[in-house]
Amino acid sequence: MISLKVNGAAKEYTGDPEMPLLWYLRDVLELTGSKFGCGIGLCGACTVHINGEAARSCLMPMQNLAGKEVITIEGLSAHGDHPVQIAWEQVKVPQCGYCQAGQIMQAAALLKSKPHPTDHDIDEAMQGNICRCGTYQRIRQAIKSAAGGAA
Ligand code: FES
Ligand code: FES
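Summary of the structure given here.

Criteria and thresholds
- For every chain, the first residue of its written sequence is number 1, and the numbers climb from 1 along that sequence.
- The order in which chains are written sets their letters, starting at A; the order in which ligands are written sets their numbers, starting at 1.
- Residue-level local features of this predicted model are given only where pLDDT is at least 70; pairs of side-chain atoms are given and counted only at 80 or more, and the full residue set underlies all totals for whole chains, interfaces and linings.
- The side-chain figures draw on all heavy atoms in the structure; neither hydrogens nor water molecules are used.
- Numbered from the N terminus, helices here are DSSP runs of H or I no shorter than four residues, and strands are runs of E no shorter than two.
- The quantity called the radius of gyration is restricted to C-alpha atoms. Its globule counterpart is 2.2 Å times the number of residues to the power 0.38.
- Two strands are counted as paired when DSSP detects at least two bridges linking them.
- The angle between two axes is taken between their N-to-C directions and runs from 0 to 180 degrees, where each axis is a line fitted to C-alpha atoms and a helix contributes only its stretch in contact.
- Contact criterion: two residues are considered in contact whenever any of their non-hydrogen atoms come within 4.5 Å of each other.

In this section: the overall build of the chain. Of the regular secondary structure elements, the chain holds 5 helices and 5 strands. The secondary structure elements of the chain, listed N-terminal to C-terminal, are β-β-α-β-β-β-α-α-α-α. Here the C-alpha radius of gyration of the chain, 15 Å, is about what a compact globule of 151 residues would show, namely 15 Å. Considering only C-alpha atoms, the chain reaches an extent of 50 × 25 × 25 Å along its principal axes.

Structure (structure tokens):
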């Protein structure tokens, strides 16, 4: 049995230890904000926080999560009011929206480790999160806005 926390709630998992976390989140817990994009760690649509750090849930087997704390987009803030979420709304970042939960989780992890990131920091942190709609300019603008810089 694997004990972990998801969005603050204790969970006990007894299924296939090799099942990816993304499957558990979406199919078992019905937390469908984290998206399946590629399944091989190349798009970032499935990004969650594990012990406070951004991680690709499509690549993370359940057996690696014993004692870990997982936060999904549903648990990032109580009312969708994390500074990154507020900035995303103000800047109107999303287009189709498919990649955006992953983008927001990646950006939130960046600002936690670097509250005032440079353009280089942003590019480096966000480069693995693909947006097929090309919202990259607004993503950068929103991250700066959330960090308290010029929007
Ligand atoms: S679905 Fe996980 S990185 Fe693409
Ligand atoms: S908003 Fe459509 S893929 Fe990013």
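Read on, since the account is not over.
Read across the open sheet, the 5 strands follow the order β2-β1-β5-β3-β4; overall the sheet is mixed. Every other strand in the sheet has two partners, leaving β2 (9–13) and β4 (53–56) as the edge strands with one partner each. Between one strand axis and the next, the sheet turns through 40° on average, direction left out of account. Here strand β1 (residues 2–6) runs beside strand β5 (residues 69–71); their pairing, made up of 2 bridges, is parallel. Along β5, the bridge assignment pairs Val-6 with Val-70. On the sheet, helix α3 (residues 100–113) packs against β3 (47–50), β4 and β5 and is oriented at approximately 35° with respect to β3.

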